[in-house]
Structures are given as structure tokens and as C-alpha cells.
Amino acid sequence: MSPFERKFGKYAIRNLSFVLVMCYAVGYLLQMFDRSGLLITYLTLNPYAILHGQIWRLVTWVLIPPSSGGLFFTLLMLYFYCSIGTSLERTWGTYRYNVYLFQGMLFTIAGSFLLMGYCYLFQPEISLMGAVLTVDTPREYFTVIAMMFSTYYINMSIFLAYAATFPDAQVLLMFIIPIRVKWLGVIYAVMLLFQFLGSNVYGKFAIGASLLNFVVFFLTSRNMMHLNPKQIHRRQEFKREVRRSTGITKHKCAICGRTEVDSPQMQFRFCSKCDGNYEYCEEHLYTHTHIKRPN
């Protein structure tokens, strides 16, 4: 466990994939009721607007979901990303998965501001999807650019990380053809590479910034790439058994007997209403019967 994880691991958000999917669900509802699309433009990652006081955009851009092809495929996509994200969180741990996702979001935000700086220096007019759009103000200029920064490529980074962690897992392509995830990962990586090479400078910033977290993950996890999830789990269990064999723990629940060795992510607290130094895990802290000394 790294010093950062020891210090900040308690703040990690559990089931972060489910939280992200719920954000997408809110975004889809907003798109359904906002036919004009005006509300969505106030949620995008627009660095020009952020610097002019609309700081909520640093968070609300996460609500803008990837494009979908109807209700069925939307629900299927949400379920798929929730399931693979949950699998990654169980294998990596809550802290590391949080770092991976938030790192991708921070890279995307930084990429949008870097693109704004690039545009001010080198691009007097905006060229998007092969069409040249003449705009009158910087606000209109960056409103168009901001639509390119979304969670789409962050989702791709989640899938690529899943393919690298579970290369031998199988999925049903078109609900019929079984295929290993590693080959889908290769196909998606090639597609993203062609998208990056074939896009304009705005697309390159958006793709590169959103996928930079996967590059960092790959470079820092190469020693784990040859291990399958069962081997990773056995390695974690071995380290846990080594710590348990020492018999030395700092925390122990007075009800269930669990320690920080049994549940590394569990929080332990002393109860001020009990007579004596009784410590409880987060599940029994508010549900136990207070211990009182006889008068």
C-alpha cells in the first residue's frame, strides 16, 4: 500500500462505476427533455466559460453521456460499463480504480485548457469535421470546441484497461459470436489510433487527453500484465496472509472481530458511549449495544 493510499484511501468512492452510470442516466434524461439542446451547452467542458465564472462546468460535463442508438442500446451500454467497471474495482481495489477514473477526467480537463491556449496562439478560425465555421466571438468559438470533450473516450479507456486486466475473458459479439476481450481491445485500439491520426487538431487533443490515463496505467502496470485475475487475487491473498501471520493488528471490531488485515478498506472507530476502549467496524459502530459498567 502506497503512502498516498494510506492517507487518502478512506476517501475513495465505492461503486464509482455505478455513480458514473447514474450521471449518464441523468444526462440522457436532460437530452430527452431539452429538445433545443440549450441546457446541454451550459454543461459542457468549455474552458473559456469556466475562466469567465461558470466553474460548474468542471463537474457537469461528466453528465453528458456518450451518444447512443436508442433506448435498448443505451441500457445495454450502461449495464456493460457498470459491469466491467465493477470488475476492475474488485480486482484493483477501490482506491486504484478511483485514481484511474479521476485521473482520466483531470487529463481531459487539462487537455481542454491546453487546446484553448493552442487555439489562441495558432487558430484564428475553427475547422470541425471538414467544415469551416466562422464565429464572431471567442465564446461561440469555444462553445463548438467544447462539444468534442465528453466521457466517450474515458469509457474507451475503461474498456482498454479491462481488456488489459482480463485478456482471456469472453463476450458475445452481436450476442452470438464469442470473442476474447483482448482481441476486442486490439480492435478498439486500432480504431482509436486511426481516429486520432485522421482527426483535426481539436480531435487529437480530445482523444489524446482522455486516453492518457490508460497510457499511464499501461506503463506503470507492465509487471502485472502477464498475470490473470486469479493470479492477481492469489498474490493479494498471499500478502494478506503474510500480514496476518505476524498477529499484529492496530484495529479490531469488538462485535465481529474483523481487523484491518481482514478488510483493508474498512474504517474502525471507538465508541464514546461505551465504558472502556471498545472499537467497532463501520458496520457495527451505530448498531451495537453500548457496553456499560455496573454501578
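In short, a report on the structure.

Calculation notes
- Residues numbered from 1 in each chain as written.
- Predicted model: local features only at pLDDT ≥ 70, side-chain atom pairs only at ≥ 80, totals over all residues.
- Heavy atoms only, no water.
- Phe/Tyr/Trp six-rings, centres within 6.5 Å; stacked < 30°, edge-to-face > 60°.
- Helix = DSSP H or I, 4+ residues; strand = E, 2+ residues; numbered from the N terminus.
- Salt bridge = Lys/Arg side-chain N within 4 Å of Asp/Glu carboxyl O.
- Buried < 20%, exposed > 50% of the residue type's maximum accessible area, 1.4 Å probe, protein only.
- Axes fitted to C-alpha atoms, helices over the stretch in contact; angles between N-to-C directions.
- Parallel < 35°, antiparallel > 145°, perpendicular 65-115°, else oblique.
- Left-handed = near helix turned anticlockwise from the far one by under 90°.
- Contact = heavy atoms within 4.5 Å.

### Remarks on the packing of aromatic side chains
For any pair of aromatic rings, geometry is given as the distance between the ring centres together with the angle between the planes.
Move 1: Applying the stated criterion across every chain, the model contains eight aromatic pairs.
Move 2: A ring pair is formed by W92 and Y100, whose centres lie 5.2 Å apart and whose planes are at 80°; its orientation type is edge-to-face.
Move 3: A centroid spacing of 5.7 Å and a plane angle of 50° characterise the contact between Y118 and F205, whose relative ring orientation is tilted. Taken together, the residues span a long stretch of sequence, with Y118 in helix α7 (residues 94–122) and F205 in helix α11 (residues 201–220) at a distance of 87 residues.

### Quick notes on the pattern of salt bridges
Move 1: Under the defined criterion, the tally for this structure stands at two salt bridges.
Move 2: Salt-bridge contacts for R180 lead to D168; the nearest nitrogen and oxygen are separated by 3.8 Å. On the criterion of sequence distance, the pair formed by R180 in strand β4 (residues 177–180) and D168 in the loop between α9 (152–165) and β3 (170–173) is long-range, its members being twelve residues apart.
Move 3: Residue R180 is classed as partly exposed on the basis of its relative accessible area of 34%.
Move 4: What makes D168 partly exposed here is its relative accessible area of 44%.
Move 5: Ionic pairing is found between K182 and D168, a salt bridge with its closest N-O pair at 3.8 Å. Within this pair, whereas K182 is found in helix α10 (residues 181–198), its partner D168 is found in the loop between α9 and β3, the two being separated by 14 residues in sequence.
Move 6: Residue classification places K182 among the partly exposed positions, given a relative accessible area of 31%.
Move 7: Where salt bridges share partners, they join D168, R180 and K182 into one cluster.

### Quick notes on the packing of α7 against α11
Move 1: Running from N to C, α7 and α11 cross one another at 155°; their axes reach a closest spacing of 8 Å. Taken together, the axis directions place α7 and α11 in an arrangement best described as roughly antiparallel. When the axes of α7 and α11 are compared, the crossing they make is right-handed. Residues R96, Y100, Q103, G104, F107, T108, G111, L114, L115, Y118 and C119 of α7 pack against V201, Y202, F205, A209, S210, L212, N213, F214, V216 and F217 of α11.

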